[in-house]
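# Overview (structure and organization)
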Amino acid sequence: MAGKIRVWIIAASVVGLATLAAVSWLSFRNTEELIAANQRLAQAHKLIEDLTDLHLLLDDAESSCRGYALSGKIDYLKPYEAALAQLDVTAQVLRHDLAADSYRLSQFQELEPLVQARLGVMKDLVQARQTGGFDAAVQTLQSDRGKRLTDEIRQKISAMQTEERNDLLDRERESRERARTTILAVGLTCLLGIALLLAASIVIYRLNRRSEKDHVALQNAERIQRTILNSAAYSMISTDAVGLIQLVNAAAEKWLQYTGAELLGKNIMILHDARELHSRGEQLTRAMGMLVTGDYQALVTKARYGVADEFECTYVRKDGTRFPVLLAVTALGGRDNDLAGYLMIAADLSERHAVRKMKDEFVSVVSHELRTPLTSIKGALGLLAGGATGVLPPKAGEMANIAHSNAERLSRLVEDILDLQRIESGRITMDKRLCDVADLIKESAESVRLLAEQEGVTIVSSSCQAPVKADRERMVQAFVNLLGNAVKFSPRGGRIEFGAECRAGSVLFRVKDEGRGIPPEKLETIFERFVQVDASDAREKGGTGLGLAICRSIVEQHGGRVWAESEGGRGSTFYVQLPLAEPSMATELNA
Amino acid sequence: MPKTVLVIDDDRDIREVAKASLELVGGFMVIVAGSGTHGVAVAQEAKPDAIILDLMMPDMDGRQTLSQLRLLPETKSIPVIMLTAKVQANKQELVSEGAAGLLVKPFDPMQLPNQVCVILGWSVSREDVGRNGSAKG
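Residues numbered from 1 in each chain as written. Chains lettered and ligands numbered in written order. Predicted model: local features only at pLDDT ≥ 70, side-chain atom pairs only at ≥ 80, totals over all residues.

## Focus on the overall build of chain A
Where we set the bar: Helical segments are the DSSP runs of H or I of at least four residues, strand segments are the runs of E of at least two, and each set is numbered from the N terminus. With C-beta atoms placed from the backbone, a residue counts as buried when 20 or more other C-beta atoms lie within 10 Å of its own, as exposed when 12 or fewer do, and as partly exposed for counts between those limits. A pair of residues counts as a contact when their C-beta atoms, built from backbone coordinates, are within 7 Å of each other.
Summing up its helical and strand segments, chain A has 15 helices and 12 strands in all. Considering chain A as a whole, with its 591 residues, one finds that 26% of them fall into the buried category. Residue pairs in contact within chain A that sit at least 24 positions apart in sequence constitute 63% of those at least 6 positions apart.

Shown next, in the form of structure tokens:
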């Protein structure tokens, strides 16, 4: 909007200035020409006057000569002589004035011989009177040469004057035209100026109005933003590009126990645990392959490189107490896409952590409270069913066996639930050490050997030798779960292939059975809790429905992947892919 | 002379099952105690060949009882096997604190005597650890 107005203002200024310049130039030209025309008018008037003078002088000279010729008195010749002198001067003046005008000069030059000739006739008359007396003078007078010359001169002068007068009229008309044009131009310019002034006033008035409106809108928007900011249940803090706090919302003030004024301009570091930032800096340095210092850079570096960054960290209150937050950092772009700063939105995790702790405590208590009676039940039933307390009657023995096997199943279920919960909650940290793939295969196969023998199933194992970084016990647990399933679902006399194939950067384990297979729609869901191919499997095969879920959790905790493939009715193959240990670690294993 | 084993566990039922298992299946002599404090006193008095000690007990827990047993001259050389649920198991830590090994609850009463013998390195013949087997010391 502002840009459009600016363009209009510039365009109007250009038009105004251009018009003003054009009009000024036109007026200047017209005025110059007016002056020139006036000069020419004056010249024309003078020419007419001079020609009249010439004519009068000639008439004077002629009258004087005639007077002398008739009276013979020498006094009559005085005006003649004076006129002669004056004629000379007048002729000179005319020649001079007409020097620049060749046309008029040529006309004058045509007149001049006539004048000279007429003067010659006068001179002849004077001489005739002086030498021949009155009669000779009368005779000279009677010749009509003088009269013809006088007529010719009169005609010539009259023609010249007429022409000059006509010209004078033309020039006057032209001057009037020019004066009118100039007046019109100046008038128009004045009108244009007034119009521009008026337009400028309107524009300024409207701009003012708009800026007032914009100001109000801006104030409203600011108020709304403030309200959003301050009613958010998140701490929001923005910093500039070097980590100095620029803005703090109400939640941040409340949680951190600072007033906004106390925080503005301070380094964001004062709200963080220095040690935590230091270790995060080290961690990022390793992960990003570039130096990330353990100051505010540890908070913003990922965001600066456009990576969405959300992580758990600790906020430190004014009184030094701490609380956990989930911090999301976003880089703020300024004009021209340069970095203006960062926005840090934090969610208080205190409650979530408390709930997690409660859940962990609950699981721990339940585990103990369930296990203790189960241990007794299972133990007592085991002794009964095992005959340690003496031989039972056949029916009682059968019942004891049923009770014992179900106590076993319940016990396994409790173990599996707790196991899965602990692996998924991260309460069990995988004790990852270097293991050889072949050893994992051997140990896992050995663990299910007895079960396989009982079921009449053969396990054929093969392996490659390569190092993986794994929690040996947990990985064996995962493979035992897969092998146990394979044994359970294999027909008597069936064969299970258990092998590993070492590839570049990873190793692919394979458990292939000749069981009934898995329908395609179940290939993915069987890894979910309590999902089995057939609902009766838990009862008939004694599974808990958690074995594959535990297996997947363990594999994922190792950065690996587990999946199943099956061609209906022709057995199933379970794959586990694990990353190989880095070569530098492998040498450790070999040494 | 059969070996004497002291079972210390706050849960009476577990104590009884363990006692029955060790006596009936393993052929050991079994004495029991229901708390850490009582267990230490019994151990000092009876000087058993081995102690099976529950880890999670009220008042004085298994760890504290173990450290007491390791301190007292009459009991410091008696091997102690910790009895624990899998959740709390940290074998390395317990061994470094003086335990001889670890038994995980819930245990199989038919296998318990065998497991004790394996941990303590007592000789055990396979056919003995059967329905009515006994371990020989």
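## Describing the packing of helix α3 (residues 102-142) of chain A against helix α4 (residues 145-231) of chain A
Residues and elements named next belong to chain A. Heads up, the rule is: Geometry is summarised by axes, namely lines fitted to C-alpha atoms with helices restricted to the contacting stretch, and by angles between N-to-C directions that run from 0 to 180 degrees. When an angle is under 35 degrees it counts as roughly parallel; over 145 it counts as roughly antiparallel; between 65 and 115 it counts as roughly perpendicular; any other value is oblique. We call a crossing left-handed when the near helix sits turned anticlockwise from the far one by less than a right angle, and right-handed when that turn is clockwise.
The contact between α3 and α4 brings their axes to 9 Å, and the two run at 155°. If you check the angle between α3 and α4, you find them roughly antiparallel. Along this stretch, α3 crosses α4, giving a crossing that reads as left-handed. Counted together, Q107, E110, L111, L114, V115, A117, R118 and V121 of α3 and R145, G146, L149, T150, E152, I153, K156, I157 and M160 of α4 form the full contact between these two elements.

## With respect to the pairing of strand β4 (residues 80-85) of chain B
Residues and elements named next belong to chain B. Heads up, the condition is: Each pair of strands is called paired provided DSSP finds at least two bridges between the two strands. Here is how to tell: hold the view so the strands point away, follow the path from the first strand over the helix to the second, and if it runs clockwise the crossover is right-handed.
For β4, a buried count of 6 out of 6 residues is recorded, marking the element as mostly surrounded by other parts of the structure. The pairing of strand β3 (residues 50-54) with β4 spans 4 bridges and is parallel. In the sheet register, L53 faces β4, and the bridge partner there is M82. Read as a crossover between parallel neighbours, the route from β3 over helix α3 (residues 62-71) to β4 is right-handed. Pairing of β4 with strand β5 (residues 101-105), which is carried by 5 bridges, proceeds in the parallel orientation. Each residue of the ladder has a partner; that of A85, found in β5, is K105.

## What to know about the sheet that holds strand β11 (residues 561-566) of chain A
All names here are of chain A. Ordered by their spatial adjacency, 5 strands build an open sheet running β7-β9-β10-β12-β11, and the pairing between neighbours is mixed. Each having just a single partner strand, β7 (458-462) and β11 make up the two edges of the open sheet. Direction aside, neighbouring strands of the sheet carry axes that sit 15° apart on average. Strand contacts of helix α12 (residues 472-489): β7, β9 (495-502), β10 (506-512) and β12 (572-579), with the helix running at about 150° to β9, the strand carrying the most contacts.

## Here's the deal with unusual backbone geometry
In this structure, the amide linkage connecting K105 of chain B to the following residue, P106 of chain B, adopts the cis form with an omega of -5°. Relative to the elements of secondary structure, P106 of chain B occurs in the loop between β5 and α5 (112-120). Phi is positive for Q257 of chain A, close to 65°, though the residue is something other than glycine. In this structure, Q257 of chain A sits in the loop between α5 (250-256) and α6 (260-263). Classification of Q257 of chain A by C-beta neighbours within 10 Å gives exposed; the count is 11. The phi torsion at D59 of chain B lies on the positive side, around 60°, for a residue other than glycine. Turning to its location among the elements, D59 of chain B is positioned in the loop between β3 and α3.

## Here's the deal with the interface of chain B and chain A
Quick note on the threshold: Here the term charged refers only to Asp, Glu, Lys and Arg, the term nonpolar to Ala, Val, Leu, Ile, Met, Phe, Trp, Tyr, Cys and Pro, and the term polar to all other amino acids, Gly among them.
Facing the 19 residues of chain B at the interface are 20 residues of chain A. Take the side of chain B that touches chain A: its biggest share by element is 7 residues, from helix α1 (residues 12-25) of chain B. Taken together, the residues that form the side of chain B that touches chain A break down as 12 nonpolar, 1 polar and 6 charged.

## Quick word on the packing of helix α10 (residues 394-424) of chain A against helix α14 (residues 547-557) of chain A
Residues and elements named next belong to chain A. Viewed as axis vectors pointing N to C, α10 and α14 meet at an angle of 25°, and their least axial separation amounts to 10 Å. Looking at the two axes, α10 sits roughly parallel to α14. For the pair α10 and α14, the crossing hand works out as left-handed. Counted together, D416, D419, L420, I423 and E424 of α10 and A549, I550, S553, I554 and Q557 of α14 form the full contact between these two elements. Of the residues that constitute the contact of α10 with α14, the class distribution is 5 nonpolar, 2 polar and 3 charged.

## With respect to α3 of chain B
Residue and element names in this part refer to chain B. Basically, it comes down to this: The directions considered for the arc run from the helix axis to the C-beta atoms.
Taken together, the buried positions of α3 are G62, T65, L66 and L69. Looking straight down α3, one finds its buried side chains confined to an arc of 100°; they lie on one side. Turned more than 90 degrees away from the buried face of α3, the exposed residues are S67 and L71. Among the structural elements, β1 (4-8), α2 (36-46), β3 and β4 are those in contact with the buried residues of α3.

## A word on the sheet that holds β5 of chain B
Remark on secondary structure: sheet strands pair via backbone hydrogen bonds, oriented parallel or antiparallel. All names here are of chain B. Sheet architecture is open: 5 strands sit in the order β2-β1-β3-β4-β5, paired in parallel fashion. Each edge of the open sheet is held by one strand with a lone partner, namely β2 (29-33) and β5. Sheet twist, expressed as the mean angle between neighbouring strand axes with direction ignored, is 25°. Here α2 sits on the sheet and contacts β1, β2 and β3; the angle it forms with β1, its principal contact strand, is near 165°.

## Describing helix α11 (residues 437-455) of chain A
All names here are of chain A. This is how it is decided: One less than the number of residues in a helix, times 1.5 Å, gives the span that helix is expected to have. Bend, at a single residue, is the angle you get between axes fitted to the 7 residues ending at that residue and the 7 residues starting at it.
With 19 residues, α11 ought to run about 27 Å at 1.5 Å a step, and its terminal C-alpha atoms sit 26 Å apart, in line with that. Of all the bends in α11, the greatest, near 45°, is centred on R449. Among all positions of α11, only V437, L440, I441, S444, A445 and V448 are buried. Residue G456 follows α11 closely and has a positive phi angle near 70°.

## Some thoughts on the pairing of β12 of chain A
Residues and elements named next belong to chain A. Alternating residues of β12 divide into S572, F574, V576 and L578, all buried, and T573, Y575, Q577 and P579, none buried. Strand direction decides the pairing type here: β10 and β12, joined by 7 bridges, are antiparallel. Note that in β12 the partner of R510 across the bridge is Y575. Across 6 bridges, the pairing between β11 and β12 is antiparallel. Counted as the bridge partner of W563 is Y575 from β12.

## Overview of the environment of Q107 of chain A
By secondary structure assignment, the location of Q107 of chain A is in helix α3. With 17 C-beta atoms packed within 10 Å, Q107 of chain A lands in the partly exposed category.

## Overview of the confidence of the model for chain B
Any region with low pLDDT has predicted coordinates that should not be read closely. All names here are of chain B. The condition is simple: On a scale of 0 to 100, pLDDT captures the predictor's confidence in every residue.
For chain B, the mean per-residue pLDDT works out to 85, and 87% of the residues sit at or above 70. With pLDDT under 50 throughout, residues 125-137 is counted as low confidence; its partners more than four residues away or in other chains account for 23 contacts. Our summary of model confidence lists the complex with pTM equal to 0.49 and ipTM equal to 0.76.

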